[in-house]
Amino acid sequence: MSETQKSMNPSRQFDELPDAPPKRKIRLSWSGKIGIAVLVFWAIIVVIGPSIAPYHEAEFLEESLFIVPGSDEKYPDTDFQPPSRIVLLGSDYMGRDTLSRILFGARTTIGISFIATILAYLIGVTLGIAAAVGYRFQYRGFTIIELDTALSRLNDALLSIPSIMLGLVMIAALGSTIPLLIVLTGIIYAASVFRIARSLGQEVMVSDFVEAARVRGEGLWWIITREILPNVAMPLATDFGLRFVWVILFISALSFLGLGVQPPMSDWGSMVKENLPGLIYGSVAPLVPSLAIATLTISVNMIVDDISAQTGGKLAKRMIS
Amino acid sequence: MIWRALLGRFSISVVTLFVVSVLIFIGTNLLPGDVAQILLGQMATPDSLAALQAKLGMDQPGYVRYFMWLRDVATGDLGFSKAGLGAGNATPIVQIIEPRIYNTLQLTSMVAVVAIPVALFLGLLAAMHPGTRLDRTITFSTLNLISVPDFLVATFLVLVFAVYLGWLPSIAYLRGDETGWGLIRALTMPTLTLMIIVSAQIIRMTRATVLNVMSSPYVEMAILKGVPRRRIILRHALLNAIGPIVNVIALNLAWLVGGVVIVEQIFAYPGLAKLMIDAVLVRDLPLVQACAMIFCASYVVLIFVADMASILSNPRLRHPK
């Protein structure tokens, strides 16, 4: 290629300015891949769990199942049985199959936590972005309430109550039902989502490209959907994983205290609680549901950790505080 | 100038506490659920119901009751427990709460005294050798510890120390006359559990804080001019990290509030949190109110101390924007 050709090619000088940023690719390390595998496993269980369970969650096992051939014992105990071929993970304090209850409980525990986290995100992100773009309630040109100030004050107060205390007070007043549990958890965790969405949104709002969009005359809605949301989506998605873990732990803790999901529905937190007395007999019944929760939460955390390590650790910093 | 910053922060705490008290009051008083009805049962006559409502001050409008309650709390009168109120032998809440506060303080101070030095040491150790196998081990295990439910740690410890080894009792019931060895034996398991939960957080945050300081320009300068590594960490980095670390400690002591609820329940430890759970279960709302106020107040105070530490250690924060 000669010098003249080069200088005559008009597109040449724009080569270094690609029209779209290259797509960020995230390669997970082995810990992230294990995390994904475990998460996918539980997701499948949520869908098909109840249909592959050997028994129903509230079904008491027949004594005849436990009769050892050749022994005189006609009516053996069915509670706190060790794992065997009849009950793969042992039986619980009322003689129900632990494995079946885990399979049914996956839907309850993961379902409630997931819906509650989504609710927290809907509330938190909507209000957080609205606060970040400086939305004002106006009446005839006068600002009545500045959304950012009002929400931030309320949020500070909500965040300065330990979430478990707020949960306990509300449940004491209203009793415990599943819809209440979801709404309560959603509101409690919306506070921290709000804080993150607001600070992320504010970061984007002062950037040059938003400035450029404004000068171009774009409207608020356009700026929110085309500039802000795409730029906060990735950090928020990672934060979603972490928030999901906390919601699972929160709901399990409430169930463990006997204030969350009520019997006879099976839920991992309450399964630990009701089988706690079996611990002294060396029963695995209280341990299996705790391990189920642990595998789920640890795997989500491993994925989040892996992704945040690849995006420069900025997220990791925000998350531990 | 510094006084102005401190005073500003102090007034924020007072406002927060006020908002918290309103939220707790709304939660326990204004929501549906008639306490008089619960106390007297379904068979109560309308007359006796109205009489008890008047006795409880429930015929007054909400805001009047709020200020009456606030005045009583401020003068140290926490009211009467609803248990036994209908029968005429109500117990003052102060009397119920006092020994419980003492027990909880005993537990948490023991945790603080043991956990903080250990956690700080491990966090510093990880930060001094970033990327090594030691650091990775510490980071990975603390990540797993913060993502498992508190009760898994507790159940696991009970299984090992009480069931298999038989060294320690599996519950921590105090009769009140334990001394020396007996008291230590009873307290060991709950303390150990809380220690593990709290130190995982402190370790992670200490590591992040010190690493953050280590990447600052003046440490880079010190490295370039050939200051020995030990001296950099102890003289340059650590002194600058003290403020953030005190902040970390105060924040984690505040998180003890959440952990203590689970741990006291598992080990049947007669502390304030156990009292509150029991009160929630029988819907003894004045008692729930009093306990929640105490927990939230201590939480707000600890957060205040945390902010104080960062303001005092970092002159740039003394001028609030």
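Residues numbered from 1 in each chain as written. Chains lettered and ligands numbered in written order. Predicted model: local features only at pLDDT ≥ 70, side-chain atom pairs only at ≥ 80, totals over all residues. Heavy atoms only, no water.

A few points about the overall build of chain A
Helix and strand content of chain A: eleven helices and two strands. Counting helices and strands in the order they occur from the N terminus, chain A gives α-α-α-β-β-α-α-α-α-α-α-α-α. Here chain A holds 321 residues, and 48% of them are scored as buried. Sequence separation of at least 24 residues holds for 71% of the intrachain contacts in chain A that already meet a minimum separation of 6. Total accessible area on chain A stands at roughly 16600 Å², and carbon and sulfur atoms take up 63% of it. (Helix = DSSP H or I, 4+ residues; strand = E, 2+ residues; numbered from the N terminus. Buried < 20%, exposed > 50% of the residue type's maximum accessible area, 1.4 Å probe, protein only. Contact = heavy atoms within 4.5 Å. Areas by Shrake-Rupley, 256 points an atom, 1.4 Å probe, with all protein chains shown as cover.)

Some thoughts on unusual backbone geometry
Residue and element names in this part refer to chain B. Positive phi, close to 50°, is recorded for Ala268, a residue that is not glycine. Structurally, Ala268 can be placed in the loop between α10 (229-266) and α11 (272-281). Judged by relative accessible area, Ala268 falls into the partly exposed class, the value being 23%.

Looking at the interface of chain B and chain A
The interface of chain B with chain A comprises 44 residues on the first partner and 43 residues on the second. Between chain B and chain A the total buried area reaches about 3800 Å² when both faces are included, carbon and sulfur atoms providing 81% of it. Considering only the surface of chain B that becomes buried against chain A, Ser147, Phe151 and Thr155 of chain B emerge as the three largest contributors, covering 14% of it. Viewed at the interface, chain A and chain B are joined by zero salt bridges. Counting the contacts that link chain B with chain A gives zero residue pairs in polar contact (both at pLDDT 80 or more). If you list the elements that add at least two residues to the side of chain B that touches chain A, you get α1 (2-30), α6 (133-147), α7 (150-164), α8 (180-214), α10, α11 and α12 (285-313) of chain B. In terms of residue class, the side of chain B that touches chain A is made up of 33 nonpolar, nine polar and two charged. (Buried area = accessible area lost by both parts, 1.4 Å probe. Salt bridge = Lys/Arg side-chain N within 4 Å of Asp/Glu carboxyl O. Polar contact = N/O pair within 3.5 Å; in protein donor to acceptor, adjacent residues only side chain to side chain. Nonpolar A, V, L, I, M, F, W, Y, C, P; charged D, E, K, R; others polar.)

Digging into the nonpolar core
Counting residues in each nonpolar core, the largest one holds 151 residues, and the members touching the most others are Met165, Leu168, Ile228, Leu257 and Trp268 of chain A together with Met276 of chain B. The dominant element in this core, judged by the number of residues it contributes, is helix α8 (residues 220-256) of chain A, at 16 residues. Here this core gathers at least three residues from each of two domains, domain 1 (2-86) and domain 2 (93-281) of chain B. With near-sequence residues (within four places) excluded, Trp268 of chain A lies in contact with Trp42, Ile102, Gly105, Ala106, Thr109, Ile110, Pro289, Ala292, Ile293 and Leu296 of chain A. (Core = buried A, V, L, I, M, F, W, Y, C linked by side-chain atoms within 4.5 Å. Domains from an automatic or database assignment.)

Let's talk about the packing of aromatic side chains
All names here are of chain A. Counted by the stated rule, this structure contains eight aromatic pairs over all chains. When the ring of Phe114 is compared with that of Phe240, the centres are 5.9 Å apart and the planes differ by 80°; the resulting orientation is edge-to-face. Placement of Phe114 in helix α3 (residues 98-132) and of Phe240 in helix α8 is noted, with a sequence separation of 126 residues between them. Taking the relative accessible area as the measure of exposure, Phe114 reaches 39% and is therefore partly exposed. Measuring from centroid to centroid gives 5.7 Å for Phe114 and Phe244, while their planes differ by 85°, and the two rings are edge-to-face. (Phe/Tyr/Trp six-rings, centres within 6.5 Å; stacked < 30°, edge-to-face > 60°.)

Structural notes on the environment of Ser313 of chain B
All names here are of chain B. Position of Ser313 among the secondary structure elements: in helix α12. Classification of Ser313 as partly exposed rests on a relative accessible area of 38%. For Ser313 and Leu107, which are 206 residues apart along the polypeptide, the C-alpha to C-alpha distance reads 30 Å. Once you skip the residues sitting within four places of it in the chain, Ser313 turns out to touch Gly243 and Pro244.

Some details on helix α2 (residues 30-52) of chain A
Maximum bend of α2 of chain A: about 55°, positioned at Val46 of chain A, with proline Pro50 of chain A one to four residues after it. The complete set of buried residues in α2 of chain A reads Ser31, Gly32, Gly35, Trp42, Ile45, Val46 and Gly49 of chain A. (Bend = angle between axes of the 7 residues up to and from the residue.)

Re the confidence of the model for chain A
Residues and elements named next belong to chain A. On average, residues of chain A score 77 in pLDDT, and 79% of them reach the 70 mark or higher. Across chain A, the secondary-structure element scoring lowest on mean pLDDT is helix α11 (residues 314-320), at 43, and the one scoring highest is α3, at 88. Residue range residues 1-7 is modelled with pLDDT below 50. Its contacts to residues more than four positions away, or to other chains, number two contacts. Contacts of residues 314-321 to residues separated by more than four positions or lying in other chains number 17 contacts, the stretch itself having pLDDT below 50. (pLDDT = per-residue confidence, 0-100.)

A few points about the environment of Leu159 of chain A
With respect to the helices and strands, the residue Leu159 of chain A is situated in helix α4 (residues 147-159). Spatially, the C-alpha atom of Leu159 of chain A lies 41 Å from that of Ser51 of chain A, the residues being 108 residues apart in sequence. Residues in contact with Leu159 of chain A, not counting those within four places in the same chain, are Ala191, Ser192 and Arg195 of chain A together with Tyr299 of chain B.

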